[in-house]
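Observations on chain architecture
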Amino acid sequence: MKRIAAAIVLIALLLLFSAEILRGYFLMPFRGSQDNNTVSYAYWLDQSIVWIRILALLLACFALLAAFKNGRTWEKILLPLILVSYGFVFFAFNFRLPADKIFYQPVNKSFTSANDSDMDKSKLVVGVMIDGQAKAYPIQLIGYHHQVMDTVGKTPVMITYCTVCRSARVFSPIVNGKQETFRLVGMDHFNAVFEDATTKSWWQQATGTAITGPLKGCVLKEFPSSQMTLDAWLRQYPQSLVMKPDTIFMNNYFGLEDYDKGTMRSDLVRRDLASWQHNSWIIGVMNNFSSKADDWNDLLQKRIIQDSLDRLPILLTIENDLASFHVYDRRVDDSTLSFQISGNKDILMDEETHSSWNMDGVCIHGLLMGKKLLPVQSYNEFWHSWQTFHKNAKIYTN
């Protein structure tokens, strides 16, 4: 009987500790936790954790009663101590380590006009223009929050950012005709994962795809967005509103002060200066059929890259600030243009008509004056992120 009770105790304790620890381990950037496809295990543990706890605690209580009735003195002392230690594990993995207990949504969300903004104009922002309204979301702010629910024009949006992938995405929070709310649950392959409140499905930030749960396979609608300095964004949209810091989280924002330049101490978010390394910066471009990555270092050196994605001829260029990049469709009036940097370096010249173009893609002088290059959705990300979520991504080679 004592052996049976001991076996029950062992099973109960293994269930209690392993369920709590593994659920947290699979969703946080611990060593080895993000290298394999474990999100389905994490989801099952998350959805089943209450019943696991109930079963394991009932078994543990049964064994505890048996120990106090027939056990030796050391057993009567050891078992309660182990249960107390479980209490500490329970607290840590449910109230200290979960992503939504580390990163909070803004409590006082507010915006200001460009003229009244105190934000350093050299800071990077995610810019969005919808329904005739422009808004800028500083990455230093949304990088902490990971997601900000907002309205641009009359359209509800979900502004998301994953600092470990350096990935910005703007999604519609409308799911099955209803405006959904989301919470950050952790990460999968180092990318932020959100849970919707209605179905408890888990959604991948880099793709907007539900990767597990009842809505698995569904995809959130993505809105076009831009990543550039606030100064470059306001040059295009001088009437843009700028998100203000929430004073409650000033210390958290300060922790991301060096994030823009990739010089933070953490290996998770620090930039690899060499090309095509885990945390090297790339510019990613994709369409419905394929995706491509261009090396950030290559663009810095050349200042202009002329490439193509399938049959779409594209132009990549970067401004004098060495931070604001642009990707444009090179076709104008059924002709494909080739470009070169002029002496100014913030002015482009097409080789066909020798017209001059500014960095906003507008022809400002020459035969094509007034014409505008169409922007192509693009992203500045870590190479590991683009490589993971775009399995067949092509690499630009000169």
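Rules used in this analysis
Residues numbered from 1 in each chain as written. Predicted model: local features only at pLDDT ≥ 70, side-chain atom pairs only at ≥ 80, totals over all residues. Heavy atoms only, no water. Pairing = 2+ DSSP bridges. Helix = DSSP H or I, 4+ residues; strand = E, 2+ residues; numbered from the N terminus. Axes fitted to C-alpha atoms, helices over the stretch in contact; angles between N-to-C directions. Phe/Tyr/Trp six-rings, centres within 6.5 Å; stacked < 30°, edge-to-face > 60°. Buried < 20%, exposed > 50% of the residue type's maximum accessible area, 1.4 Å probe, protein only. Lys NZ or Arg CZ within 6 Å of the ring centre and 35° of its normal. Core = buried A, V, L, I, M, F, W, Y, C linked by side-chain atoms within 4.5 Å. Contact = heavy atoms within 4.5 Å. Disulfide = S-S within 2.5 Å. Salt bridge = Lys/Arg side-chain N within 4 Å of Asp/Glu carboxyl O.

Attention shifts here to the sheet that holds strand 10 (residues 191-196). What the 4 strands build is an open sheet, ordered 9-10-11-12; its pairing is antiparallel. At either end of the open sheet lies a strand with only one pairing partner, and these are strand 9 (182-188) and strand 12 (210-212). Between one strand axis and the next, the sheet turns through 40° on average, direction left out of account.

Within the structure shown, the criterion is met by 20 aromatic pairs. Both rings, one in F339 and one in W357, keep their centres 5.8 Å apart while their planes meet at 80°; by these two values the pair is edge-to-face. Linking F339 in strand 22 (residues 339-341) with W357 in strand 24 (residues 356-358), this pair joins segments that are 18 residues apart in sequence. W357 matches F339 in its accessibility class, with the two residues each being buried. Every member of this aromatic cluster is reached through a ring pair, and the members are F17, Y86, F90, F91 and F95. When the ring centre of F111 is taken as reference, the NZ or CZ atom of K135 above it lies at 4.2 Å. The ring of Y379 carries the charged tip of R169 above its face, separated from the ring centre by 3.8 Å.

This paragraph deals with the nonpolar core. In this structure, Y137, I142, V157 and I159 are the most contacted members of the largest nonpolar core, which totals 54 residues. In contact with Y137, other than residues within four places in its own chain, are F111, V125, V126, V128, I142, D150, V152, V157, I159 and M243. One finds I283, I305, L312 and F325 within the second-largest nonpolar core, a separate group that totals 16 residues.

Disulfides are covalent bonds that link the sulfur atoms of two cysteine residues. On inspection of all chains with the given rule, the structure shows 0 disulfides. Free cysteine: C165, not disulfide-bonded; nearest cysteine sulfur from C162 at 4.1 Å.

So, about the pattern of salt bridges. Under the definition given, this model contains 16 salt bridges. A salt bridge links E20 to R23; the nearest nitrogen and oxygen atoms lie 3.8 Å apart. With E20 and R23 both in helix 1 (residues 2-27) and 3 residues apart, this pair spans about one turn of that helix. With a relative accessible area of 12%, R23 lands in the buried category. In this structure, D307 engages K292 in a salt bridge whose closest nitrogen and oxygen atoms are separated by 2.9 Å. Of this pair, D307 sits in strand 17 (residues 304-309) while K292 sits in strand 16 (residues 291-295), and the two are 15 residues apart along the sequence. Shared partners join several salt bridges into a network, and the residues in it are E20, R23, D46 and R53.

Bringing the environment of S356 into the picture now. In this fold, S356 is placed in strand 24. On the basis of relative accessible area, S356 is assigned to the buried category, the value being 14%. Taking the C-alpha atoms as reference points, S356 and S342, separated by 14 residues in sequence, lie 8.4 Å from one another.

Our focus in this paragraph is the side chain of T155. With respect to the helices, strands and loops of the structure, T155 is situated in strand 5 (residues 155-162). In this structure T155 touches I130, D131, D150 and F223, once residues within four positions along its chain are discounted.

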